[in-house]
Amino acid sequence: MSFKPRADLKPNTPEFENLPLVSPNGFREYDARWLFEKEINLVGIQALGLGLGTLIHEMGVSPRIAVGHDFRSYSTSIKQALIIGLMNAGCEVHDIGLALSPVAYFSQFALDVPCVAMVTASHNENGWTGVKMGAQRPLTFGPDEMSRLKEIVLSGNGKPRDGGRYIRVEDMAARYIADLTDRPKIKRKLRVVAACGNGTAGAFAPKVLEGIGVEVIPLDCELDWTFPRYNPNPEDMEMLHALRDKVLETGADVGLGFDGDGDRCGVVDDTGEEIFADKVGVMLARDLSAQHANAQFVVDVKSTGLFLTDPVLIANGAKTDYWKTGHSYIKRRAHELKALVGFEKSGHYFFNPPIGRGYDDGLVSAIAICDMLDRNPGKKMSDLREALPKTWGSPTMSPYCADEKKYEVVDRMVRLFEEMETKGEKLIGQKIRDIVTVNGVRVTVEDGTWGLVRASSNKPGLVIVVESPTSEANMRAIFAEIDRHLSAQPEVGEYDQKI
């Protein structure tokens, strides 16, 4: 298995059955994702496992690893191929079976193993596969580890070793559910719609929510890897609209939607209003900063500006650090700053002790939302939302842009806005107040209206988010300006959704 992978193999050929196909583009900033059989084959997955095991040895970490898989038609076979590669590298593999990503992270603690590899494409469409990896719990790999892994795999420098071992763990799902539900029951009578988009979370979310004492109304919780209704992605308006309709139909107190691997949670309030995850983050930060003095939070650059300007957070002495988008980045930053919680607009929340163990878990987020409602028995979810200062914000929008071109396009946008600022040119009729380039470019004008352009870390595309604290018109105006500049770039294609 030490031969070098190729990127030009085609299915239904002898070479495809015998040689590793691995597209270099699959190695992302903090995990790996490929189109199965077009960009990676099972022999390529074995090469990935050998490379990962080699990296673990190189890092000086004990080569013991928990491995799980999500619910897709091909995920079990991909996990098995990965395990073969890991065992070839001399790793002791603990196979935890069907799992959410947070179940895999939990298993690192429950089994006392330092490493994890979760086979999942998260919310990506069918056809995609991938692996989320880590060797320093509760953290997952960042750019340095991913770059080294890519180098080892593509150069064919994975090193076979003796000592590989396979251990099947049959009760990890039950242990995870017991861990989350071993706590006081919710006192308030809550009716919660749990939407799982027919993804893996359907095997976990209803049981956990029932276990904390709420009444669960399941929506698309039956496991079906064809995803017949919509992709399990709580940032996708189709999923949020289905959740809204069920909340209004049943008179539920809140709707909670979970993505394909269960590490994110989307929210709809009792009026059917879809609350973007960064606003839910502000609501939770208000609640938690009232209990934890001078709480430190971390949020990503896609998130609302309210974390800095909200009067309740200011009065509670809360501090917020804006950082790079990406579950690995926010997780690591929250860990470094010993933040109470890290929030991402995508719905990844990282609760550190005493609330969580530092990794992203959509069900821990759901429990935190139920606890917030329990601590405010006289208020509905909509009351808590309406108590926030009003802003007008967009969902995350993603125009197509090839992996080979997306960073170059973003660099052009950075230069464009920096030149506008230097020349004193106006954006939507206002002076540019500041530009943040920690992750793409976030440009803010005088009244606080801002827009973000960055490269997607998960797939070929850009990420656009806009918000205004003054008017919907200004939110739409800054999007129109950004869209006009992007449309002039020949590499930029169709959007997945637009405001």
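Higher on the page you've got the structure.
Residues numbered from 1 in each chain as written. Predicted model: local features only at pLDDT ≥ 70, side-chain atom pairs only at ≥ 80, totals over all residues. Heavy atoms only, no water.

### Some points on the overall build of the protein chain
Convention followed: Counting from the N terminus, the helices are the DSSP runs of H or I reaching at least four residues and the strands are the DSSP runs of E reaching at least two. Radius of gyration: over C-alpha atoms. The globule rule applied is 2.2 Å multiplied by the number of residues raised to the 0.38 power. Here's how the labels work: a residue is buried when its accessible area is under 20% of the maximum for its type, exposed when over 50%, partly exposed in between, all with a 1.4 Å probe on protein chains only. Residues count as neighbours in contact if any of their non-hydrogen atoms are within 4.5 Å of one another. All accessible-area figures derive from a Shrake-Rupley calculation using a 1.4 Å probe, and residue coverage is judged against the displayed protein chains alone. When charges are counted, Lys and Arg contribute as positive and Asp and Glu as negative, whereas His and the chain ends are disregarded. Charge coordinates come from a single atom per side chain, which is NZ of Lys, CZ of Arg, CG of Asp or CD of Glu.
When its secondary structure is counted, the protein chain shows 16 helices and 20 strands. Here the C-alpha radius of gyration of the protein chain, 22 Å, is about what a compact globule of 499 residues would show, namely 23 Å. On the principal axes, the C-alpha backbone points of the protein chain span a range of 60 × 60 × 40 Å. Looking at the 499 residues of the protein chain, the share that counts as buried comes to 62%. Residue pairs in contact within the protein chain that sit at least 24 positions apart in sequence constitute 68% of those at least 6 positions apart. Here the protein chain displays about 18,600 Å² of accessible surface, and carbon together with sulfur accounts for 49% of that area. Side chains of the protein chain carry 59 positive and 70 negative charges; the gap between the two charge centres is 2 Å.

### With respect to the sheet that holds strand β1 (residues 32-35)
Which entries qualify depends on this criterion: Paired strands, as defined in this entry, are two strands with at least two bridges between them according to DSSP. Working convention: axes come from line fits to C-alpha atoms, limited for helices to the stretch in contact. Angles between N-to-C directions cover 0 to 180 degrees.
The strand order β1-β5-β4-β2-β3-β6 describes an open sheet built from six strands, whose pairing is mixed. The open sheet has two edge strands with one neighbour each: β1 and β6 (165-168). With direction set aside, neighbouring strand axes in the sheet form an average angle of 20°. As defined by bridge partners, β1 adjoins strand β5 (residues 128-134) across four bridges and the pair is classed as antiparallel. Paired with Arg33 across the two strands is Gly130, which belongs to β5. Together, β2 (64-69), β3 (92-98), β4 (115-119) and β5 form the strand contacts of helix α4 (residues 101-110), whose direction differs from that of β4 by roughly 165°.

### Section: the sheet that holds strand β7 (residues 191-195)
Reading across the sheet, the five strands line up as β8-β7-β9-β10-β11 and stay open at both edges, with mixed pairing between neighbours. Pairing within the sheet leaves two strands with one partner each, and these edge strands are β8 (215-219) and β11 (274-275). On the sheet, helix α13 (residues 362-375) packs against β7, β9 (254-258) and β10 (265-269) and is oriented at approximately 170° with respect to β9.

### Overview of a negative patch on the surface
Rule in force here: Patches draw on residues past 30% relative accessible area with no salt bridge. Two like charges within 9 Å are joined, as are two nonpolar side chains (Val, Leu, Ile, Met, Phe, Trp, Tyr) within 5 Å. A side-chain nitrogen of Lys or Arg and a carboxyl oxygen of Asp or Glu constitute a salt bridge if their distance falls within 4 Å.
Where like charges cluster on the molecular surface, the negative patch consists of Glu418, Glu419, Glu421 and Glu425. Of note, Glu419 is situated in helix α15 (residues 403-423).

### Side note on the nonpolar core
This is how it is decided: The nonpolar core is taken to be a set of buried Ala, Val, Leu, Ile, Met, Phe, Trp, Tyr and Cys residues, with the residues joined through side-chain atoms within 4.5 Å.
The biggest cluster of nonpolar side chains holds 70 residues, and the ones touching the most others in it are Leu209, Leu256 and Phe258. With nine residues, the top contributor of residues to this core is α13.

### What about unusual backbone geometry?
A cis amide bond, omega 5°, links Arg137 with the succeeding residue Pro138. Notably, Asp112 is not glycine yet its phi reads approximately 55°, a positive angle.

### A closer look at helix α9 (residues 277-289)
The cut-off we apply is this: One fewer than the residue count of a helix, multiplied by 1.5 Å, yields its expected span.
Compared with the 18 Å implied by 1.5 Å per residue over 13 residues, the 18 Å span of α9 between its first and last C-alpha is a close match. A large share of α9 lies buried, amounting to 13 of its 13 residues.

### Regarding the pattern of salt bridges
Where charged atoms from two side chains of opposite charge come close, those side chains can pair. Tallied over the entire structure, the rule returns 41 salt bridges. Two residues, Lys132 and Asp261, come together in a salt bridge whose shortest N-O distance is 2.7 Å. With Lys132 in strand β5 and Asp261 in the loop between β9 and β10, this pair connects stretches of sequence that are 129 residues apart. Assessed through its relative accessible area of 1%, Lys132 is described here as buried. With a closest N to O distance of 2.7 Å, Asp287 and Arg375 form a salt bridge.

### Describing the packing of helix α2 (residues 42-58) against helix α3 (residues 75-88)
Let me state the cut-off plainly: The labels follow the angle: roughly parallel below 35 degrees, roughly antiparallel above 145, roughly perpendicular from 65 to 115, and oblique for the rest. Should the near helix be turned anticlockwise from the far one by less than a right angle, the crossing is termed left-handed; should it be turned clockwise, right-handed. Think of it as three bins: nonpolar holds Ala, Val, Leu, Ile, Met, Phe, Trp, Tyr, Cys and Pro, charged holds Asp, Glu, Lys and Arg, and polar takes everything else, Gly as well.
It is the contact of α2 with α3, at a shortest axis distance of 7 Å, that shows an interaxial angle of 40°. Judged by the inter-axis angle, α2 sits oblique to α3. Of the two elements, α2 crosses α3, and the hand of that crossing is right-handed. From α2, Leu42, Ile45, Gln46, Leu48, Gly49, Leu50, Leu52 and Gly53 reach across to α3, where they touch Ser77, Ile78, Ala81, Leu82, Ile84, Gly85, Leu86 and Asn88. Of the residues belonging to the contact of α2 with α3, the class tally is 10 nonpolar, six polar and no charged.

### Remarks on the side chain of Thr304
What counts, and what does not: In protein, a polar contact requires one atom able to donate a hydrogen and another able to accept it; more generally it is a pair of N or O atoms within 3.5 Å, and residues adjacent in sequence count only if both atoms are side-chain atoms.
Its location among the elements puts Thr304 in the loop between β12 (296-300) and α10 (306-309). One polar contact links Thr304 to Glu467, side chain to side chain, over a distance of 2.6 Å.

### Section: the state of the cysteines
The condition is simple: The term disulfide is used for any two cysteine sulfur atoms that are within 2.5 Å.
According to the stated counting rule, one finds zero disulfides in the structure shown. Cysteine Cys115 is unpaired, with the sulfur of Cys91 as its nearest cysteine sulfur at 7.1 Å. No disulfide involves Cys265; its sulfur sits 8.6 Å from that of Cys370, the nearest cysteine. Taking the relative accessible area as the measure of exposure, Cys265 reaches 3% and is therefore buried.

### Digging into the packing of α4 against helix α6 (residues 172-181)
Interaxial distance between α4 and α6 falls to 10 Å at its minimum, and their mutual angle equals 90°. Accordingly, the angle class assigned to the pair α4 and α6 is roughly perpendicular. Judged by residue contacts, Pro102, Val103, Phe106, Ser107 and Ala110 of α4 engage Met172, Arg175, Tyr176 and Asp179 from α6. Tallied by class, the residues present in the contact of α4 with α6 amount to six nonpolar, one polar and two charged.

### Notes on the packing of aromatic side chains
We count it as follows: A pair of Phe, Tyr and Trp rings is counted when the ring centres sit within 6.5 Å of each other, with Trp represented by its six-membered ring. The angle between the planes then sorts it: under 30 degrees is stacked, over 60 is edge-to-face, the rest tilted. Over a ring means this: the NZ of a Lys or the CZ of an Arg is within 6 Å of the ring centre and within 35 degrees of the ring normal.
Counted according to the given criterion, the structure contains 13 aromatic pairs. When the ring of Phe479 is compared with that of Tyr495, the centres are 5.8 Å apart and the planes differ by 75°; the resulting orientation is edge-to-face. On the criterion of sequence distance, the pair formed by Phe479 in helix α16 (residues 472-487) and Tyr495 in the segment after α16 is long-range, its members being 16 residues apart. Comparing Phe479 with Tyr495, the two get one shared label, buried. The ring of Phe109 has Arg137 lying over it, and the distance from NZ or CZ to the ring centre is 5.1 Å. Positioned over the ring face of Trp450 is Arg442, at 3.6 Å from the centre of the ring.

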